[in-house]
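# Overview (structure and organization)
The chain contents come next:
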Number of protein chains: 2
Amino acid sequence: MPLLYKARHSLLYGLLMAILVFALKWLQWKFLIVDHSLDIYVGLIAVFFTILGVWVATQLGRPAIRTVIVEKAVYVQPVEEFSVNETELKKLNLSNREYEVLQLLTKGLSNAEIADNLCLSISTVKTHVSSLFVKMDVKSRTQAIEKAKRLKLTA
Amino acid sequence: MPLLYKARHSLLYGLLMAILVFALKWLQWKFLIVDHSLDIYVGLIAVFFTILGVWVATQLGRPAIRTVIVEKAVYVQPVEEFSVNETELKKLNLSNREYEVLQLLTKGLSNAEIADNLCLSISTVKTHVSSLFVKMDVKSRTQAIEKAKRLKLTA
DNA sequence: GAAGCGCTCATACTTTAGTATGAAATCCGT
DNA sequence: ACGGATTTCATACTAAAGTATGAGCGCTTC
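Residues numbered from 1 in each chain as written. Chains lettered and ligands numbered in written order. Predicted model: local features only at pLDDT ≥ 70, side-chain atom pairs only at ≥ 80, totals over all residues. Heavy atoms only, no water.

## Here's the deal with the protein's contact with DNA strand D
Filter applied, for reference: When at least one non-hydrogen atom of a residue lies within 4 Å of a molecule or strand, that residue is treated as near it. Whenever two N or O atoms come within 3.5 Å, that pair is a polar contact, provided that in protein one can donate a hydrogen and the other can accept it, and provided that, for residues adjacent in sequence, both atoms are side-chain atoms. Runs of E in the DSSP output that reach at least two residues are strands. Runs of H or I that reach at least four are helices, and both are numbered from the N terminus. For this scheme, ten residues count as nonpolar: Ala, Val, Leu, Ile, Met, Phe, Trp, Tyr, Cys and Pro. Four count as charged, namely Asp, Glu, Lys and Arg, and the remainder, Gly too, count as polar.
DNA strand D sits among 17 residues. The nearest are Ser95 and Arg97 of chain A together with Ser110, Lys126 and Arg141 of chain B. A distance of 3.5 Å separates a phosphate oxygen of DNA strand D from a polar atom in the backbone of Asn96 of chain A. One of the side-chain nitrogen or oxygen atoms of Thr127 of chain A is found 3.3 Å away from a base nitrogen of DNA strand D. Mapped onto the surface near DNA strand D, the elements with two or more residues apiece are helix H3 (96-105) and helix H5 (122-136) of chain A together with helix H5 (122-136) of chain B. Residues that form the surface near DNA strand D fall into these classes: three nonpolar, eleven polar and three charged.

## Brief notes about H5 of chain A
Residue and element names in this part refer to chain A. Selection criterion: Multiplying 1.5 Å by the helix residue count minus one yields the expected span of that helix. Relative accessibility decides the category of a residue: with a 1.4 Å probe and only protein chains considered, values under 20% of the type maximum give buried, values over 50% give exposed, and everything between is partly exposed. This arc describes the spread of directions from the helix axis toward the C-beta atoms. Contacts between residues were defined by any pair of non-hydrogen atoms, one from each residue, lying within 4.5 Å.
In a regular helix each residue adds 1.5 Å, so 15 residues correspond to 21 Å; H5 covers 20 Å between its end C-alpha atoms and thus fits that length. Looking at H5, one finds that the buried residues are Val125, His128, Val129, Leu132, Phe133 and Met136. When H5 is viewed along its axis, its buried side chains cluster within an angular range of 140 degrees and face the same direction. Away from the buried face of H5 by more than 90 degrees, exposed residues Ser123, Thr127 and Val134 are located. Buried residues in H5 make contact with helix H2 (86-92), H3, helix H4 (111-118) and helix H6 (141-150).

## Topic: the pattern of salt bridges
Opposite charge on two side chains makes pairing possible when the charged atoms of those side chains draw close. What counts, and what does not: Salt bridges, as used here, are contacts in which a Lys or Arg side-chain nitrogen is within 4 Å of a carboxyl oxygen on Asp or Glu.
Going through the model one piece at a time under the given rule, you end up with eight salt bridges over all chains. Glu146 of chain A is paired through a salt bridge with Arg150 of chain A; the nearest N and O atoms lie 3.3 Å apart. Taken together, the residues Glu146 of chain A and Arg150 of chain A, both in helix H6 and four residues apart, mark about one turn of the helix. Among the residues examined, Glu146 of chain A registers a relative accessible area of 15% and is labelled buried. The partner of Glu100 of chain B in a salt bridge is Arg97 of chain B, and the shortest N-O contact between them spans 2.9 Å. Note that Glu100 of chain B and Arg97 of chain B are positioned in helix H3 (residues 96-105) at a spacing of three residues, about one turn of the helix.

## Concerning the packing of H3 of chain B against H5 of chain B
All names here are of chain B. Rules: As a rule, the C-alpha atoms of each element are fitted with a line to give its axis, helices using only the stretch in contact, and angles between N-to-C directions run from 0 to 180 degrees. We call two directions roughly parallel when the angle between them is under 35 degrees, roughly antiparallel when it is over 145, roughly perpendicular when it lies between 65 and 115, and oblique otherwise.
H5 packs onto H3 with a crossing angle of 90 degrees between their chain directions and a minimal axis gap of 10 Å. Classified by the angle between their axes, H3 and H5 sit roughly perpendicular to one another. Where H3 abuts H5, its residues Arg97, Glu98, Val101, Leu102 and Leu105 lie against His128, Val129, Ser131, Leu132, Lys135 and Met136.

## Looking at the protein's contact with DNA strand C
The local shell around DNA strand C holds 17 residues, among which Lys126 and Arg141 of chain A together with Ser95, Arg97 and His128 of chain B are the closest. When the atoms of DNA strand C within 4 Å of the protein are grouped by moiety, sugar and phosphate amount to 68% of the total. Contact distances for DNA strand C include 3.4 Å between a phosphate oxygen and a side-chain N or O atom of Ser130 of chain A. Between a base nitrogen of DNA strand C and a side-chain N or O atom of Thr127 of chain B, the distance comes to 3.4 Å. For the surface near DNA strand C, the secondary structure elements donating two or more residues are H5 of chain A together with H3 and H5 of chain B.

## Remarks on the confidence of the model for chain A
Condition: Here pLDDT means the predictor's own confidence in every residue, given as a number from 0 to 100.
Per-residue pLDDT for chain A has a mean of 77; in total, 56% of the residues score no lower than 70. Taken together, the stretch residues 1-8 of chain A has pLDDT below 50 and engages in three contacts with residues farther than four places along the chain or on a different chain.

Below, the structure written as C-alpha cells:
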C-alpha cells in the first residue's frame, strides 16, 4: 500500500512539523515569559537588596550622630520678691514712728484707723503725717502713697 | 523511485530529527547558560543594590541628630514691664471717664487737679470718684489707690 | 418714643484731711 | 546735766474729701 504508506509518511511528516512548530512556538512563548519574569525578578531583587542595604547600613552600621547644642533661653521671672529701697528710705530720714505711720498710710488707712492701730490719738497721727509730708516733699496722703509705692518705701 | 523517495524521506526525517535534537540541545544548553547567568546576574544585582542601599543610607540618608538643649538663664530686665490687669479691670465695669479719673487719682492728684486735667468741674470729678468707690468697693481715695496698685489696674 | 446709661454740673451738707501752734514727757549723747 | 531729737497730745482753724440729691443732655436699645 504505497499510497497508504505515502499517506502515512505525509501524515507523520505533517505531524512532526506541527509538533516542531508547536514546540518552537512554546519555546518562544516561554522565552517571552522568562524575559519578562527576569525583568520583574531582577527589579524585585534590586528593590529588596536596596532596602536590605539601607537596613544594614542603618541598623548594623554605626549611625552618624551629629550632636547639635542648642541654647534655650529661659526667661526667669523677677519673682516679685519685694525689697524695700533702703537707700531712698534713709534719704528721707524718717523717725521710727513716722515710718510706722507711713506703712499704714500706704495701705489706705485713714488717720482714725492709724490711730486705732497704733493706739494713738488722731492728733498724734496728724502730727506724724504732717511731718511725713514735709520730709517726703508731698502735700497730701495720696501723693505720699504714690511716692512710697514708686520708690518702694513700704511693702 | 520509491526507494530513493523513501530514502530521501528517511534522510529528511533524520535531518529533521537531528535539527530538532540539536535545537532542543541548544535550547537546553541555552537554558543552562541562562539559568547560570541568571544566578550570577541576580547575585551581581543583589551585591550592587546592597552596596547602593548602604551608600544611600550613609550618604543621602539624614544623619541622626542628637539635639542637646542647654538651658541658659536669661534674667528679664526688671524694667517696669508693667501690664494692666485687664481681667480685674473688666470685672469693675468702669466707664471710660471713670477710668480716666482713676488713672489720675492713683497718681496722687487731688479732685481739683483732676478737674483741671480733664477740664471738668470739681463736682463732676466728685461724682466720678464716688461712683468709683462704689464700683471698687472702697471708702476713700487712699484705699482706691492701694487697691488699684495692688490689682495693677493703672500704669 | 420711652427707658436706660453715661457724662456733666450744681447745691448742700458731713466728714476727713491737713496746717499751725503750743506743750509735756522721754530718750540719747557729749 | 544740758541740748536736741522724738514722741505724745491738744486746740483751733482751713482745705479737701466724700455723700446725697436733683437735673439736663446725648446716645443707644427695645
